[in-house]
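# Examination of the molecular architecture
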Amino acid sequence: MVFNFGGSDTLSQQVVQGAPADVLATASTRTMQTAQQAGRIAGEPVTYATNRLQIAVQPGNPKQVTGLPSLVGPQVTESVCAPAVPCGAATEAAERAAGVTLDPVSEEQDVRSVLQRVQTRNVDAGLVYVTDVRAAGGQVQGVDFPEATAPGAAQNYLVGAVVGGQADLADAWIRFVTGPQGDAALQQAGFTLR
């Protein structure tokens, strides 16, 4: 099995443009719908997990970030994902729910880049997912905030078989991801199950 990792928008566009694949997994409903509308997904995709935003800060939280309102103003610099990518759309939904408008110093094309800016101390905080904070292994600290569960802020992760791919292999992989072993791995990584 060969994996191709990347941002959901990029992977979805690759599938739409005919890149060979058996399965497409995305970090948002919108990006999966792009592939569906292009007729590239066989059947209905399956939601296999959800994820929510956290504010990644330096260990010890030196800027005392407590939620989205504490990011507003010049005392804290932050990075977010660009609005076109799933984590950026989630950030915008959380901002609307909190009634704040952030003024980030950068808008990145994927959540890994936001996390890296926090890890390298280029910014004080970044909006990433719970799973990203956990994967950073203590290099950052996560701050929960209530708007992370607002409509549009939590992300559904979907998986679907790609038209023209190996259907049997795709079906087996989807069963694995949504089965007990997949569930255990996803929970360990910080995902919430469907």
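Looking at an unreviewed UniProt entry, one finds the chain named Molybdate transport system substrate-binding protein, with Actinomycetospora straminea as its source organism. Of the chain, the UniProt comment under Sequence similarities (unreviewed entry) reads exactly: "Belongs to the bacterial solute-binding protein ModA family."

What follows covers the sheet that holds strand β7 (residues 141-143). An order of β5-β4-β6-β3-β7 is seen for the five strands of this open sheet, with the pairing classed as mixed. At either end of the open sheet lies a strand with only one pairing partner, and these are β5 (106-108) and β7. The average undirected angle you get between the axes of adjacent strands in this sheet is 35°. As paired strands, strand β4 (residues 78-81) and strand β6 (residues 125-129) are joined by two bridges and run parallel to one another. In the strand pairing of β6, S79 is matched with G126.

To continue, consider a nonpolar patch on the surface. A contiguous nonpolar surface patch, about 460 Å² in accessible area, is contributed by M1, F3, F5 and L169. Along the polypeptide, F5 turns up in the segment before α1 (8-16).

Basis of the calculations
Residues numbered from 1 in each chain as written. Predicted model: local features only at pLDDT ≥ 70, side-chain atom pairs only at ≥ 80, totals over all residues. Heavy atoms only, no water. UniProt positions renumbered as here; feature names shortened; annotations may be inferred. Pairing = 2+ DSSP bridges. Helix = DSSP H or I, 4+ residues; strand = E, 2+ residues; numbered from the N terminus. Axes fitted to C-alpha atoms, helices over the stretch in contact; angles between N-to-C directions. Patch = residues over 30% accessible without salt bridge, like charges linked within 9 Å, V, L, I, M, F, W, Y side chains within 5 Å. Areas by Shrake-Rupley, 256 points an atom, 1.4 Å probe, with all protein chains shown as cover. Salt bridge = Lys/Arg side-chain N within 4 Å of Asp/Glu carboxyl O.

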